[in-house]
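Commentary on secondary and tertiary structure
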Amino acid sequence: MAFEPPRRLVRALGETAPDGDEWLAKLPEAAEQAVARGELTVERVQVPGGRSSLVVLVRTAEGTPAVLKLAPRRARPRSERAALAHWGGLGAVQVLDGADTEGVLLLERLHPDVSVRSLPEAKALLEAAGTLRRLWVEPPAGHPFETVAERTGRQAEAMRAGAAADSEVAPLVDAALAARAELLAAPSEGRLLHGTFRQSKVLAGDRMPWLAVGPDPVVGESAFDLARLVRDRVEDLIAQPSGASTTRRRIKRLAESLEVDQERLRGWTLFRAVESGVRARRVGREQDAELLLEFAGWL
């Protein structure tokens, strides 16, 4: 079978690939090797798939439905494997093999076309929040995960560079960086977080109704993880005349339901929205950038 990467993956990795990166070119061969090594039967490549990995629906030698996932090193697949192993299937998809092959994961098959996002908005937020709560656990001793301070530190440097090149976003970047500094100055818990959680990262399963996939794990406070969920369906929020007040109510409701400090959630929501908006503008996704930066202005 020809393992043609979906256009969405090609486009997304093209925005972030360093010069000389050959992962996409070598992907078909790597997929064939992983299939042969695992004695897997291929059903199909998942389309549109993710933005950082190739997802292939397969069956094991025993006939068990599974998912083969291949990701470049910069997507931190080893970190993903470590987090999934630590969660042990509680709230997240399970790893099916113990082999630590670079960039290759064999995962429990969920229902890839049915995410929490398919539910009505209020129900989707409730189910997503309940799934997220299960993931907030103590990290393993001597864990390999980066911290929120480390990850946002790298992001802050890119944001400063973006503001220097674009005076229009400078006030929002200044506000976001000030919020980050204030948040990191105050003590907070150090839990294992999903890192890139949103409604589309929660898929229907058989073991449990809903399970999280695709973590980019990080250790820090819960409000950082929850902040990405606040802006889910941002295009719908922007289209509403009451979008700003709806966002404030969402922050309050999520903070109360998950026992997270409301102001800390607002601060991380601001930082993450501005960071995403500046990054989208940097790679030419102007429509996404406008939505995210308008949303950030409400905070």
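Located above this text is the structure these notes cover.
Structure report, in brief. Computed from a prediction, not measured in an experiment: that's the story for all the values here. (Residues numbered from 1 in each chain as written. Predicted model: local features only at pLDDT ≥ 70, side-chain atom pairs only at ≥ 80, totals over all residues. Heavy atoms only, no water.)

Here's the deal with the overall build of the chain
To be explicit about the condition: The way it works is that DSSP assigns letters per residue, a run of H or I at least four long becomes a helix, a run of E at least two long becomes a strand, and they are numbered from the N terminus. Within these notes, the globule rule equals 2.2 Å times the number of residues to the 0.38 power, and the radius of gyration is based on C-alpha atoms. Per-residue accessibility, obtained with a 1.4 Å probe over protein chains only, is compared with the maximum for each type, and a residue is labelled buried under 20%, exposed over 50%, and partly exposed between these values. Between two residues, a contact is recorded if the distance between any of their heavy atoms is within 4.5 Å. Here the open area of atoms and residues is found with the Shrake-Rupley method and a 1.4 Å probe, where only the protein chains shown may cover a residue.
Per the secondary structure count, the chain includes eleven helices and nine strands. The C-alpha atoms of the chain give 19 Å as radius of gyration, which agrees with the globular expectation for 299 residues (19 Å, within 12%). Overall, the chain is about 55 × 40 × 40 Å in size when its C-alpha atoms are taken along their principal axes. Split into buried and exposed, the 299 residues of the chain put 51% on the buried side. Sequence-distant contacts in the chain: of pairs separated by 6 or more residues, those separated by 24 or more amount to 70%. Of the accessible surface of the chain, which amounts to about 14100 Å², a share of 51% is contributed by carbon and sulfur atoms.

A few points about the packing of aromatic side chains
Rule in force here: Geometry of aromatic contacts follows a simple scheme: Phe, Tyr and Trp rings, the Trp one being its six-membered ring, pair when their centres are within 6.5 Å, and the pair is stacked under 30 degrees between planes, edge-to-face over 60, tilted otherwise. Any Lys NZ or Arg CZ that is within 6 Å of a ring centre and within 35 degrees of that ring's normal is treated as a charge sitting over the ring.
Scanning the entire structure with this criterion turns up three aromatic pairs. Measuring from centroid to centroid gives 5.3 Å for F224 and W268, while their planes differ by 85 degrees, and the two rings are edge-to-face. Of this pair, F224 sits in helix α7 (residues 222–230) while W268 is found in helix α10 (residues 262–282), placing the two residues 44 residues apart along the sequence. There is no split in this pair, since F224 and W268 are both buried. Members of the aromatic cluster, joined through ring pairs, are F224, W268 and F271. The ring of F224 is capped by R272, whose NZ or CZ atom sits 4.2 Å from the centre of that ring.

A word on the side chain of R198
This is how it is decided: Pairs of N or O atoms within 3.5 Å make up the polar contacts considered here, provided that, within protein, one atom can donate a hydrogen while the other can accept it, and that residues adjacent in sequence are counted only when both atoms are side-chain atoms.
Within the secondary structure, R198 is located in the loop between β6 (191–193) and β7 (202–204). In this structure the side chain of R198 is engaged in a polar contact, spanning 2.9 Å, whose partner is the side chain of T196. Those residues in contact with R198, other than ones at most four positions away along the chain, are R228, L229 and D232.

Points about the sheet that holds strand β5 (residues 111–115)
Basically, it comes down to this: Between any two strands, pairing holds if DSSP finds at least two bridges. As a rule, the C-alpha atoms of each element are fitted with a line to give its axis, helices using only the stretch in contact, and angles between N-to-C directions run from 0 to 180 degrees.
Reading across the sheet, the three strands line up as β5-β7-β8 and stay open at both edges, with antiparallel pairing between neighbours. Of all the strands in the sheet, the pair left with one neighbour each is β5 and β8 (210–212). Recorded for the sheet is a direction-independent mean angle of 55 degrees between the axes of neighbouring strands. Here β7 pairs with β8 via three bridges, running antiparallel. Considered in β8, the bridge of A204 is made with W210. Lying over the sheet, helix α4 (residues 121–135) contacts β7 and β8, oriented at roughly 55 degrees with respect to β8.

Examining helix α11 (residues 286–297)
Side chains of residues three or four places apart in an α-helix project in the same direction, reflecting 3.6 residues per turn. Which entries qualify depends on this criterion: Multiplying one less than the number of residues by 1.5 Å gives the expected span of a helix.
The end-to-end C-alpha separation of α11 is 16 Å, in line with the 16 Å expected for twelve residues at 1.5 Å each. The complete set of buried residues in α11 reads A289, L291, L292, L293, F295 and A296. In this structure, the buried residues of α11 make contact with α6 (170–185), α7, α8 (234–239), α9 (243–257) and α10.

As for the side chain of R264
Here R264 shows up in helix α10. By relative accessible area, which is 16% here, R264 ends up buried. Here E221 takes part through its side chain, which lies 2.7 Å from a polar atom of the side chain of R264. Contact partners of R264, with chain neighbours within four places excluded, come to L183, A186, P187, S188, E221 and A223.

Examining the pattern of salt bridges
Under the convention used in this document: Any carboxyl oxygen of Asp or Glu within 4 Å of a side-chain nitrogen of Lys or Arg constitutes a salt bridge here.
Inspection of the entire model under this criterion finds 26 salt bridges. The salt bridge involving D97 is made with R81; its shortest N-O contact spans 3.8 Å. A residue pair is termed long-range when its members are at least 10 positions apart, and D97 in the loop between α3 (77–87) and β4 (104–108) and R81 in helix α3 qualify at 16 residues. Among the residues examined, D97 registers a relative accessible area of 25% and is labelled partly exposed. Among the ionic pairs, R207 bridges to E108, the shortest N-O distance being 2.9 Å. Here E108 lies in strand β4 and R207 lies in the loop between β7 and β8, a separation of 99 residues in the sequence. Since its relative accessible area comes to 38%, R207 is described here as partly exposed.

What about the pairing of strand β3 (residues 65–70)?
Where a strand is regular, its side chains alternate between the two sheet faces. The buried fraction of β3 is high, at five of six residues. Hairpin connection from strand β2 (residues 54–59) to β3: five residues lie between these consecutive antiparallel strands, with G63 at a positive phi of about 90 degrees. Here β3 pairs with β4 via five bridges, running antiparallel. Residue pairing for β4: K69 is matched across the bridge by L105.

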